[in-house]
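This is what each chain is made of:
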Amino acid sequence: MNLSTRSRFKLGNLGPARASLPLIIIGIIVSAAMVLPLAYLGIRASEAGAGIMGILTSYRTFEVFANSAILALVVTALSAIIAVAAAFLTVKTDLPAKKFWSVILIMPLAIPSFVGSFALIATFAPRGSVLQNLLAGLGVEALPSIYGWPGAILALTLFTYPYVFLTTRASLRGMDPALEEVSRSLGCSTLSTIRRVILPHLYPSIAAGSLLVAFYALSDFGTPALMRFDSFTRIIYVEYQLAFDRSSAAILSLLLVALVTLILYLEHRVRSKAAYYSLGPGTKRDPTLISLGRWKWAALAFCGTIATLGLFIPVGVLLYWLLQGVAVGASFPNLGVITLNTIYAAVVATAFIVALALPMALLAVRFPSKSSTIIERLSYIGFAMPGIVVALALVSFGANHLPMFYQSMGMLVFAYVVLFIPLSIGAIRSTLLQISPRMEEAARSLGLGAGRTLLSVTIPLAKTGLLAGSALVMLTIMKELPATLLLAPTGFKTLATQVWTGAESASFSYSAAPALILVAISAISVTIILSQEKESGRR
Amino acid sequence: MASNTKFAIIGIIVAVAIVAGVAGFAAISNDNVPEQAETTGAPTMETQTLTIYSGRSESLVGPIIEKFEQETGIKTEVRYGDTAAMALAIIEEGRNSPADVYYGQDAGALGALAKEGRLLKLSDPLLQKVDPALRSPDGEWIGISGRARVVDYNTNLVDKSELPDSIWGFLDPKWKGKIGWAPSNGSFQSFVTALRLIEGEDRAREWLVGIMANEPVVYSGNSPIVEGVARGEVHVGFVNNYYLHKFLQTDPAYPVAHHHTNGDAGSMINIAGAAVVDTANNKEIAERFIEYMLSEDAQTYFATSTYEYPLVEGIKAVGPQLPIKEINKPNIDLSNLADLQGTLDLLRDIRAL
């Protein structure tokens, strides 16, 4: 029984050979938006002076570039392990309080990475941290240093594994339970079923989430800065923020684009061409749950540890800062308006992103060709760039080519689309792979138009992916900073900008309240989004 | 094929709807966002809105800008962001920049804007309010408040008499592993640039290599250094003067104090300053803003709320701080600090960055 490693059907044989015009139009529009940051980098890079050769040829640049690449690799591997284990436990086993753990294990995504890193440092720093103070009684004067590799890996893994968790979870829920039943009826053990049937079916979603983790690790600035890790983004920031040398920064950013392109190419090459959907009608039953038995406690300990490090510790530190602030009489003005702003921007942008991501994913899955692949791969560029690079590219484009549009809500939504559309495309793409194109064909042959087919067949079947994609996008938008600061309408504040304002002036109590609200509304959104899943686990 | 055409039509309608929707948001937000309070000030000024790009955060300068609105009746729209990012935004926006005034956190960003030719020369009466050493020699920007480099030390671990008068004293091996610094921090890099200007490239390198030999602990910025000093992770740290006072406010017994070196880069005074951008609609109103920031009210505000040094004669700094006049600051042109390339190359070369 080996359902997935060999392709039995060419996708192209099942669907119509060519994509319909609207799909192509949306694909082209979205890719044009994605090309903007690249075009900007190209223009700035062409203006570079001679000094750039010194930077490019120095051993130091090479070393730091390698640091970032290795960091991305390690963080991705660890995130995938944690996320797949967590997804299994919360979907396929009889783990107690699965709904609770599902929400809790997604939540680290809501913690802005610099807040999370700060909290980890406050807890685990070598001297004067919470843990060292606790151990001081036992004569521990200093803990092993968290700074550098360990801190960067720990923080990035904890705050990005939910990308893989959400996409994997969606695929696990979308899987036809009949596949496992067949496997077991043919005598495979639980473990062997997992290894030979379930895991191979999860590859596309694990890969989709892993790409996001890798690109996040490559482009993040906050965590490496706080963890004193020598990352490539730091060099880019130095050029921008200290030397005001936009051309050198652009050339270095293009170096990052080259690495990202290589990763996208490799991921595409190793991608299995297998069919991930089942050919039969599927069962209507809930999948049988694996009994954890004596392993229940180990499973709970695992979930608890991850949740403690990724959520409870940051929230605890934030609460401590808040109480400290309240003690000295800090006030938190306008948080109601700011919270509504944040929700408004995130909901509107998420709606746009999902509406654009669905056709993009359909294009990539149903009409695989060189151009649809390039269009889909291109969508990752914005997410893989340091935020400041994309934000400045859009400042330049907006102010000079769309002045009416500049510093408006529309511009901000546009920026969020450029930055975060791959989060949604990846999640939707991996669930679409589980849906047999024959379902759509059947609907069409019964006389349903393309639009109706999309609404009444494709969207309901892809619901888990659409929801997972929405959750990823919502949470990520709510904590976005550089583009929000540069492109939002003047005076439009979000919770993330308030957190930053406090951190910028070293008044952490000022940061604590908006950060806690951010976590709270993220938890509510995740709960609402996941509650939509109820019916969608079954077909 | 018929249904394909229908799909195409639906798709185009959706695409148009999306574009229209986004444009709609643009229109709505343009109408709604600048919500302005009723003002009672001078009628001539009321018709104009002053757009300020502030690299200083709202918690620092928001209250005083609000007061400016109340007292002058001039409406403001303030965009808050990172000092460098806001300057870069003005440069990227080019001729279409909405900015009238740029208000930044260090002389480097102001110098970068001046170098791009994006600043207007300020009028002489305004310039004369501030020490020439703390404004642009060409009159393109002016210091509003002062930010002094200091050596912060842990009062439990270090006796004041042990602290050297010169930054060169920290090359002594007795400071091994006890120094905190932040080579990626802008203020620190301004300090290194000053060191190069004052003592020359070779001496600057010698000092940095000497400090590196003492295995300094690297921090991400000034606040983490002060906290590191307080926690005893390090005994001394190279920072700016105002960070400590925030911690002193929540904990008066915070075990950290300032030390000033004598006439070298370690006692440099940098500024937070403002400038009129060349795209300003009305230079006069823009200058009124800068004038207000140099008024007694505003200068007192900076002394008591941001703990920076006021730059106008007759207003005192608060807290346990040496008066700005008593700091033996080195003699340098702050606009030369805009050229950071050499500093970055040097820091990279000795592997501090």
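Residues numbered from 1 in each chain as written. Chains lettered and ligands numbered in written order. Predicted model: local features only at pLDDT ≥ 70, side-chain atom pairs only at ≥ 80, totals over all residues.

1. Quick word on the overall build of chain B
Our working rule: Strands are runs of DSSP state E lasting at least 2 residues, helices are runs of H or I lasting at least 4, and numbering of each runs from the N terminus. Put simply, a residue is buried when 20 or more other C-beta atoms lie within 10 Å of its own C-beta and exposed when 12 or fewer do; between those, it is partly exposed, and each C-beta is set from the backbone. We call two residues in contact whenever the C-beta atoms placed from their backbones are within 7 Å.
Helix and strand counts for chain B come out as 13 helices and 11 strands. When burial is assessed residue by residue, chain B has 51% of its 353 residues classed as buried. Contacts in chain B between residues far apart in sequence, at least 24 positions, make up 77% of those at least 6 positions apart.

2. With respect to the environment of Ala483(A)
Residue placement: Ala483(A) occurs in helix H23 (residues 482-487). For the pair Ala483(A) and Thr76(A), spaced 407 residues apart in sequence, the C-alpha separation works out to 25 Å.

3. What to know about helix H14 (residues 296-327) of chain A
Note the cut-off: The angle between axes fitted to the seven-residue stretch ending at a residue and the seven-residue stretch beginning at it gives the bend at that residue.
At Thr308(A), H14(A) shows its largest bend, some 50°. Just downstream of H14(A) lies Gly329(A), where phi reads positive at about 80°.

4. Regarding the domain arrangement of chain B
Residue and element names in this part refer to chain B. Our working rule: Each domain's limits were defined by an automated method or a database of domain assignments. Here the term charged refers only to Asp, Glu, Lys and Arg, the term nonpolar to Ala, Val, Leu, Ile, Met, Phe, Trp, Tyr, Cys and Pro, and the term polar to all other amino acids, Gly among them.
The domains assigned to chain B are domain 1 (46-146 + 270-323) and domain 2 (147-268 + 338-349). Domain 1 and domain 2 are separated by 27 Å when their C-alpha centres are compared. Contacts between domain 1 and domain 2 engage 16 residues on the former and 14 residues on the latter. The set of elements that each furnish at least two residues to the side of domain 1 that touches domain 2 consists of helix H5 (107-115) and strand E10 (269-277). A total of four residues in the side of domain 1 that touches domain 2 trace back to one element, the largest contributor, which is H5. Partitioning the side of domain 1 that touches domain 2 into residue classes produces six nonpolar, seven polar and three charged.

5. Let's talk about the nonpolar core
Under the convention used in this document: A set of buried residues qualifies as a nonpolar core if it consists of Ala, Val, Leu, Ile, Met, Phe, Trp, Tyr and Cys joined through C-beta atoms within 7 Å.
Ile353(A), Leu394(A), Ala415(A), Val417(A), Val101(B) and Tyr102(B) are the most contacted members of the largest nonpolar core, which has 292 residues in total. The element that contributes the greatest number of residues to this core is helix H19 (residues 409-432) of chain A, accounting for 17 residues. Counting the residues that make up this core, at least three belong to each of domain 1 (46-146 + 270-323) and domain 2 (147-268 + 338-349) of chain B. Sequence-distant contacts of Tyr102(B), that is, excluding residues within four places in its chain, are made with Tyr53(B), Met86(B), Ala87(B), Ile90(B), Leu113(B), Ala274(B), Ala275(B) and Val277(B).

6. Observations concerning the confidence of the model for chain A
Residues and elements named next belong to chain A. Inclusion rule: The predictor rates its confidence in each residue with pLDDT, a number between 0 and 100.
Of all residues in chain A, 92% attain a pLDDT of 70 or more, and the chain-wide mean is 84. Element-level pLDDT for chain A is lowest in helix H1 (residues 11-14), with a mean of 41, against a maximum mean of 93 in helix H18 (residues 387-401). Low pLDDT (under 50) marks residues 1-17, which in the prediction has 33 contacts with non-local residues, meaning those over four places away or in another chain. With pLDDT under 50 throughout, residues 535-539 is counted as low confidence; its partners more than four residues away or in other chains account for eight contacts.

7. Examining the pairing of strand E3 (residues 101-104) of chain B
All names here are of chain B. Operational definition: Any two strands with at least two DSSP-identified bridges between them are counted as paired.
The alternating pattern of E3 places Val 101 and Tyr 103 and Tyr 102 and Gly 104 on opposite faces, both of which are buried. With three bridges connecting them, strand E1 (residues 49-54) and E3 associate as parallel partners. Note on E3: the bridge partner recorded for Ser 54 is Tyr 103. Note: E3 against E10, four bridges, orientation antiparallel. Considered in E10, the bridge of Val 101 is made with Val 276.

8. A word on the pairing of strand E5 (residues 142-154) of chain B
Residues and elements named next belong to chain B. The element E5 is extensively covered by neighbouring structure, given that 13 of its 13 residues are classed as buried. Bridging between E5 and E10 involves six bridges; their strand directions are antiparallel. Each bridged residue has a counterpart across the sheet, and for Arg 147 the counterpart in E10 is Asn 270. Pairing analysis gives two bridges linking E5 to strand E11 (residues 309-310), with the strands arranged antiparallel. If you follow Ser 145 over to E11, its bridge partner there is Pro 310. Sheet topology places E5 next to strand E8 (residues 236-240); five bridges connect them, and they run antiparallel. Within the sheet, the bridge partner assigned to Asp 152 lies in E8 and is Gly 237.

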